[in-house]
Amino acid sequence: MIKTDEQKDRALDFIRQIIAEDLKSGKHQRPVTRFPPEPNGFLHIGHAKSICLNFGIKVENNGVCNLRFDDTNPSKEETTYVESIKKDVAWLGYDWGKRPFYASDYFPQLFDFAVALITKGKAYVCQLSPEEIRAYRGTLTEPGKESPFRNQSVETNLNLFKKMRDGVFGEGSHVLRAKIDMTSPNLNMRDPVIYRILKSMHHRTGDTWKIYPMYDYTHCLSDMLENITHSLCTLEFEDHRPLYDWILDTLDTPCHPRQIEFARLNLTYTVMSKRKIMQLVEGNYVEDWNDPRMVTLSGLRRRGYTPSSIRSFINTIGVGKRDSWIDMTVLENSIRDDLNGTAARRMCVLDPVKVILDNFPAEQVDEIEAKNHPQNPEMGNRLIPFTRELYIERADFMDNPPRKFHRLGPGREVRLRYGYLIQYVSHTTDERTGRVVEIHCTYDPETRGGSAPDGRKVKGTIHWVSAEKSSPVTVRLYDRLFTVENPEADKETHFVEHLNPDSKITLNNAIAEPSLIELLPGDSVQFERQGYFCVDPEESEEGIPVFNRTVTLRDSWAKKR
RNA sequence: UGGGGCGUGGCCAAGUGGUUAAGGCACCGGGUUUUGAUCCCGGCAUCCGUAGGUUCGACCCCUACCGCCCCAGCCA
């Protein structure tokens, strides 16, 4: 058993326990799993749970995990989705081997299995309309009725099924159904449709096929053909397991994978369903599928989440069968935790106000040395220009501060991080708006680097940036997309009404220290005292970075107030 | 009212008949700190949906009840 960094010292979840037992008993030599997305949309954090589970099991046990596209519904699927899914799985750090698999590769074999089913008298072609099939199915409490076509001869069924394949019939006119039990309390067993006629273009097989197999029929057989040992899926498929097993048993296949169901991920303050995500995009509530506020993997990537932070997040939430809601703070914690160790520290003033050091020579430029990481000397140092005119954060000055305010104000002295101690002299205010225009201070030349030879202490250290030697940059402050934990909880209110109006705040005049301009798209840094930010890969240009706030730093001062 | 699942602190989650009922997130204190960050220390379920029962002993076994989720696509 190989334990990855992300899941060391954690008890095995119930699925890994089952697998460990199957390995120990010799039932299997190694586990074979699969991640089977339908290529009809983009992957999100919920998919990451399945990906990390299936591929994680492979990595931990030296097994196999296939990437298989479940492409049995040509009307919804596209090659662009195939490509984006491959990109996201690879980005998460997983390797699906030589090639991805496709359910559509099995269409010929699946057809032969269907013929075998018909021959065994276990499937029939039904000409009931969709409405009639529904009516014949019965309800949750009443049994269904048998189709009048149920007892047709094998020859008739074979003949009809081949005509279906040959495109003789129109969509909706005929289906192939498994002959099971119309009185079963499990609706999935009431002669489920296993093939339907569809005349749309398939993204891989084009118009070769006029009939397409249904999920329940396809999935178990695809698993079997790939020698999957454990077929992991979400809870809503529990009722489908009897059908999964029935098909493999009836066909008497050489192997019979075990389906195990686990709870899907729910995350607070966001929406996860494909339909809801699509509504956000189409209603222009967000900019695209990869909007940094989205929990799509492409959105999280653009937001600055790292693959390892997502793997560690998935690992901490566990795998079980309870419908649970994971608090968004858990996800946020995972990226803070990761970036805290790896992100270089930088200074950037988001909402600048000018500070003038009256006793600092106008032409002088001091090159101040600053650590790139306070706990990791290996990350080295850098030089930052220090000049007479600086910018500090507007929130770091108060005309009339409360006692506990550790920053700049009348009569106060603060430390400019890695710079000098500065002492307040005076400030000017715009008469109309009441806003502070500029603050005059003096600096203590003896305190270069930030410590006073006389040992005097200051309570506050604030970040700053040279007014002349720095560059304005665009910074987007992203926050949670919704203001409530579960935007879909209330059936009366449309979920978009719970959208957070401040989920994206664009700052066009943040001032960045010089080294920030050299960053490459995707790079992550910590803006000291602010949060973690990454260079947006879409909208940045060389020398003109656009920063996305990944997550804020914890702020116990903000909490106190 | 049929069937399939699930109920351990605010949110997750270990626990599989004998434990002071792990751990993480959140929250609350305190310490260190040139980020009110990080880090460190401490606090946070006499109780495991409820009620009975079995047992020397039950969160773990049995019974009943209650609550929540899923299922009536020719979607996956």
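Before reading on, note that the structure itself is shown above.
Counting restarts for each chain: residues are numbered from 1 in the order of the written sequence. Here chains are named by letter from A upward and ligands by number from 1 upward, in the order in which they appear as written. For a predicted model such as this one, the threshold for reporting local features is a pLDDT of at least 70, and the threshold for listing and counting side-chain atom pairs is 80 or more; totals across whole chains, interfaces and linings nevertheless cover every residue. As a rule here, side-chain values cover all heavy atoms of the structure and leave hydrogens and water aside.

In this section: the side chain of R412. With respect to the helices and strands, R412 occurs in the loop between β15 (389-393) and β16 (413-416). Of the side chains with opposite charge, D399 comes closest to the buried, unpaired R412, at an N-O distance of 9.9 Å. In this view, R412 contacts P401, P402, R403, F405, H406, R407, I422, Q423, Y424 and K459; residues no more than four positions away in its chain are not counted. Under the DSSP-based scheme used, a helix requires at least four consecutive residues in state H or I and a strand at least two consecutive residues in state E, with every element numbered from the N terminus. The buried label goes to any residue with under 20% of its type's maximum accessible area, the exposed label to any with over 50%, and the partly exposed label to all in between, with areas taken from a 1.4 Å probe on protein chains only. Residues scored as positive are Lys and Arg, those scored as negative are Asp and Glu, and His as well as the terminal groups of each chain are ignored. Should a side-chain nitrogen of Lys or Arg be within 4 Å of a carboxyl oxygen of Asp or Glu, the pair is scored as a salt bridge. Here, residues are in contact when the closest pair of their heavy atoms is within 4.5 Å.

Once that is clear, we can look at the packing of aromatic side chains. Centre distance within 6.5 Å is the pairing criterion for rings of Phe, Tyr and Trp, where only the six-membered ring of Trp is used; planes under 30 degrees apart are then read as stacked, over 60 as edge-to-face, and the remainder as tilted. What the rule picks out here adds up to 20 aromatic pairs. Here F42 and Y81 contribute two aromatic rings whose centre-to-centre distance is 5.4 Å and whose plane-to-plane angle is 80°, an arrangement assigned as edge-to-face. Placement of F42 in the loop between β1 (32-35) and α2 (45-61) and of Y81 in helix α3 (residues 79-91) is noted, with a sequence separation of 39 residues between them. Between the aromatic rings of F386 and W464, the centroid separation amounts to 5.1 Å while the plane-to-plane angle is 75°, which identifies the pairing as edge-to-face. One end of the pair, F386, is in strand β14 (residues 381-386); the other, W464, is in strand β20 (residues 464-466), with 78 residues separating them in the sequence.

All right, on to the protein's contact with RNA strand B then. Residue proximity to a molecule or strand is established when one non-hydrogen atom of the residue lies within 4 Å of it. W325, R407, R417, G449 and R554 are the nearest of the 64 residues found near RNA strand B. The contact atoms of RNA strand B, taken as those within 4 Å of the protein, divide so that sugar and phosphate hold 63%. Under the rule applied, a polar contact is a pair of N or O atoms within 3.5 Å (in protein, one hydrogen donor and one hydrogen acceptor; residues adjacent in sequence only if both atoms are side-chain atoms). A distance of 2.9 Å separates a phosphate oxygen of RNA strand B from a polar atom in the side chain of K559. Of all the elements in the fold, those that place two or more residues in the surface near RNA strand B are α5 (130-137), β6 (193-197), α12 (328-342) and α13 (556-560). Any residue that is not Ala, Val, Leu, Ile, Met, Phe, Trp, Tyr, Cys, Pro, Asp, Glu, Lys or Arg is counted as polar, Gly included; the first ten are nonpolar and the last four charged. Broken down by class, the residue content of the surface near RNA strand B amounts to 22 nonpolar, 20 polar and 22 charged.

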